[in-house]
Protein chains: 2
Amino acid sequence: CFNPDTALVGVVTQGGRFPADWRALLRTCVSKGLHLENGLHVRLKDDPELVDLARRHNVELRDLREPPSDLSTATGANLDVDATIVLTVGSDCAIGKMTATCELDLEARRRGLESVFVPTGQTGIAIAGWGIAVDAVVSDFLAGAAERLVVEGAQLGNLLWVEGQGAILHPIYSGVTLGLIHGSAPHLYVLCHEVGRTQVEGDPTHSPVPSLVELVDLHERMSLKLRPAKVACIALNTAFVSEEEARAAVAAAAAETGLPADDPVRFGAGKLLDAVLERAK
Amino acid sequence: CFNPDTALVGVVTQGGRFPADWRALLRTCVSKGLHLENGLHVRLKDDPELVDLARRHNVELRDLREPPSDLSTATGANLDVDATIVLTVGSDCAIGKMTATCELDLEARRRGLESVFVPTGQTGIAIAGWGIAVDAVVSDFLAGAAERLVVEGAQLGNLLWVEGQGAILHPIYSGVTLGLIHGSAPHLYVLCHEVGRTQVEGDPTHSPVPSLVELVDLHERMSLKLRPAKVACIALNTAFVSEEEARAAVAAAAAETGLPADDPVRFGAGKLLDAVLERAK
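Because the structure is predicted, anything quoted here is derived from the model rather than measured.

### What to know about the overall build of chain A
Reasoning step 1: Within chain A, the secondary structure is distributed over nine helices and nine strands.
Reasoning step 2: Rg of the C-alpha trace for chain A: 19 Å, near the compact-globule value of 19 Å for 281 residues, within the 12% margin.
Reasoning step 3: Structurally, chain A occupies a C-alpha span of about 60 × 45 × 40 Å along its principal axes.
Reasoning step 4: Looking at chain A as a whole, 57% of its 281 residues qualify as buried.
Reasoning step 5: For chain A, long-range pairs separated by at least 24 residues make up 72% of all intrachain contacts whose partners lie at least 6 apart in sequence.
Reasoning step 6: Charged side chains in chain A number 25 positive and 37 negative. The centres of these two groups are separated by 2 Å.

Here it is, written out as structure tokens:
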């Protein structure tokens, strides 16, 4: 039978604020005895009425995007992490980076590797039960937060799959992306792209999505000077095209970039994992 | 006679926290009737004892890095700003970007132009009396904060000099830099460099400072697709070399990049302003 104990605010609004009428729904959840998990920028704990209600019904209010209070600037400890660090990056936001990251981690664990999914956003945190939402961190501490994640991740395993955020040329979220790149100090990137997407999502100015070749080059050049990361492979999201078109797109991406390409959801993550492990040697 | 009315916390610590023994000094200032201006990440207003003392002595506590409470993600309004937007960028942090920005604005105003210095950090805010410390903003709202600054700046004039922050390949602060680039949507960059600096300041891993040619290329390629900004000129900080060495360094930077170069403090900002106005046509 269906017996939930937690209500999850399962969407993210741009700017991260609640539509006003959600508060009534959240209060209903609490009064029915459900814990609340919230990934928006606004905090459940800033609503005194909700806090009071939660106390009376003995449920927890979990603000997934609340950063640790003791964050600071990066220290360089990211370069001393004793693990292979792989960061997913993308041609846009909301393009399947988290999903690709989870599939690669799952496939690696199936093979018996000491593999860890390192969550950097509210949904990843809800899935894995730890992590920091780097986009909610004070900008000065972005790289510091990402550094802490790989340092903590290395206590759980020696193959870290860091969930990417935003995109390096995204007009709104690029700062988060670059802070995450430099703070997590990846050895390798997995470049994610959705087949058919040509305009940046959520960008009111309709910026074009850069080409895969341009993105491979830019990410490699924008890496830390002391950790010159390379793109290991291309993860395509082919959810919106037929299987035949998906196979053609995979072949085209491989031909365009000279790198292994695949859709880790549709066709399995094995080929991309092989590519990463080969490049990590 | 010397009759101050304000005490300014005139340094920035890495991580932006107070050394413990400063609190006693700040309390003394307040009890002597001085307003306090603080540019650190910690807030004077979070110290209840100080708040109480300030109330009793009728002085103000000004937290320069406190961002506006209503920030959100960028909207694309930056591309509609009716002004020429010039952003200083640098080969490193603490290299003279703010000083170059102020000198260029001053020279432009001397020539009767409707020129505006747009502050993005606590010192610029202390100087100009407005602005947002973008490094203190929630990462998701970085570009949104920078966008707001150019929208507000355009109400004051039509030639905006946006104070740069960090550096595009700085291991700690690059996220702030890129969010500022994409949010302020400059038409032109002024690339700042300190003659003789070869290692990134404040970076415990001692990353090398990239070459000017590499930085010109990276900034131009990392610009918004819809606002492909170019580097107009090179602003050198020659404070630590002789005048002869300074002249040689200016000539070398111009030869290396093919762009006009000068030290706007030592030799005046006229040549660099000419270069910007020429490129802005």
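Picking up where we left off.
### A few points about the nonpolar core
Reasoning step 1: Residues Ile234 of chain A together with Ile234 of chain B are the most contacted members of the largest nonpolar core, which totals 90 residues.
Reasoning step 2: Excluding residues that lie within four positions of it along the chain, Ile234 of chain B makes contacts with Leu191, Leu212, Val216, Ala253, Thr257, Leu259, Pro260, Ala261, Asp262 and Leu272 of chain B.

### Observations regarding the relation of the copies chain A and chain B
Reasoning step 1: The transform that puts chain A on chain B rotates by 180° and translates by 0.0 Å along the axis, for an RMSD of 0.0 Å. Taken together, the rotation and translation relating the two chain copies correspond to the operation of a two-fold axis.
Reasoning step 2: Interface overlap between copies: 100% of the residues of chain A at the interface are likewise at the interface in chain B, consistent with a symmetric, same-surface contact.

### Overview of the side chain of Ser115 of chain B
Reasoning step 1: By the element assignment, Ser115 of chain B lies in strand S5 (residues 115-118).
Reasoning step 2: Once you skip the residues sitting within four places of it in the chain, Ser115 of chain B turns out to touch Asp105, Ala108, Arg109, Leu159 and Trp161 of chain B.

### Focus: the interface of chain A and chain B
Reasoning step 1: Contact residues are listed per partner, giving 51 residues for chain A and 51 residues for chain B.
Reasoning step 2: Summed over both partners, the interface of chain A with chain B buries about 3900 Å², with 58% contributed by carbon and sulfur atoms.
Reasoning step 3: Along the contact surface separating chain A from chain B lie six salt bridges.
Reasoning step 4: Measuring nitrogen to oxygen at the nearest pair gives 3.4 Å for the salt bridge that ties Arg65 of chain B to Asp140 of chain A.
Reasoning step 5: Linking chain A with chain B are 17 residue pairs in polar contact (both at pLDDT 80 or more).

### Overview of the domain arrangement of chain A
Residue and element names in this part refer to chain A.
Reasoning step 1: Its domain assignment divides chain A into domain 1 (6-63) and domain 2 (77-280).
Reasoning step 2: The interface is formed by seven residues belonging to domain 1 together with seven residues belonging to domain 2.
Reasoning step 3: Overall, the association of domain 1 and domain 2 removes approximately 480 Å² of surface from exposure, summing both partners, and the carbon and sulfur fraction of that is 50%.
Reasoning step 4: For domain 1, the biggest contributors to the area lost against domain 2 are Gln14, Gly39 and His41; these three give 64% of the whole.
Reasoning step 5: Where domain 1 packs against domain 2, one counts zero salt bridges.
Reasoning step 6: Taken together, the connections running from domain 1 to domain 2 amount to zero residue pairs in polar contact (both at pLDDT 80 or more).

### Points about the pairing of strand S4 (residues 84-90) of chain A
All names here are of chain A.
Reasoning step 1: With six of seven residues buried, S4 lies mostly within the body of the structure.
Reasoning step 2: One ladder, built from four bridges, connects S4 with strand S6 (residues 159-162); its direction is parallel. The partner of Thr84 across the bridge, within S6, is Leu159.
Reasoning step 3: Here S4 pairs with strand S7 (residues 188-194) via five bridges, running parallel. Bridge assignment links Gly90 to a residue of S7, and that residue is Cys192.

### A few points about the environment of Ala154 of chain A
Residue and element names in this part refer to chain A.
Reasoning step 1: Inspection of the secondary structure puts Ala154 in the loop between helix H5 (142-153) and S6.
Reasoning step 2: Note on Ala154: relative accessible area 26%, which makes it partly exposed.
Reasoning step 3: Here the alpha-carbon distance between Ala154 and Val116, two residues 38 residues apart in the chain, equals 8.2 Å.
Reasoning step 4: Every residue in contact with Ala154, bar those within four places of it in the chain, is listed here: Val81, Ala83 and Leu160.

### A few points about the pattern of salt bridges
Reasoning step 1: Counting across every chain of the model gives 44 salt bridges over all chains.
Reasoning step 2: With a closest N to O distance of 2.9 Å, Asp105 of chain A and Arg109 of chain A form a salt bridge. Of this pair, Asp105 of chain A and Arg109 of chain A are both found in helix H3 (residues 97-110), four residues apart, which corresponds to roughly one turn of the helix.
Reasoning step 3: On the accessibility criterion, Arg109 of chain A (43% relative accessible area) is partly exposed.
Reasoning step 4: Put simply, Arg247 of chain B and Glu243 of chain B hold a salt bridge, and the shortest N to O gap is 2.8 Å. With a gap of four residues between them, Arg247 of chain B and Glu243 of chain B both fall in helix H8 (residues 243-257), about one helical turn apart.
Reasoning step 5: Of the residues examined, Arg247 of chain B reaches a relative accessible area of 47% and is grouped as partly exposed.

Criteria and thresholds
- Residues numbered from 1 in each chain as written.
- Chains lettered and ligands numbered in written order.
- Predicted model: local features only at pLDDT ≥ 70, side-chain atom pairs only at ≥ 80, totals over all residues.
- Heavy atoms only, no water.
- Helix = DSSP H or I, 4+ residues; strand = E, 2+ residues; numbered from the N terminus.
- Rg over C-alpha atoms; globule rule 2.2 N^0.38 Å.
- Buried < 20%, exposed > 50% of the residue type's maximum accessible area, 1.4 Å probe, protein only.
- Contact = heavy atoms within 4.5 Å.
- Lys, Arg positive; Asp, Glu negative; His and termini not counted.
- Charge placed at Lys NZ, Arg CZ, Asp CG, Glu CD.
- Core = buried A, V, L, I, M, F, W, Y, C linked by side-chain atoms within 4.5 Å.
- Least-squares fit on C-alpha atoms with pLDDT ≥ 70 in both.
- Buried area = accessible area lost by both parts, 1.4 Å probe.
- Salt bridge = Lys/Arg side-chain N within 4 Å of Asp/Glu carboxyl O.
- Polar contact = N/O pair within 3.5 Å; in protein donor to acceptor, adjacent residues only side chain to side chain.
- Domains from an automatic or database assignment.
- Pairing = 2+ DSSP bridges.

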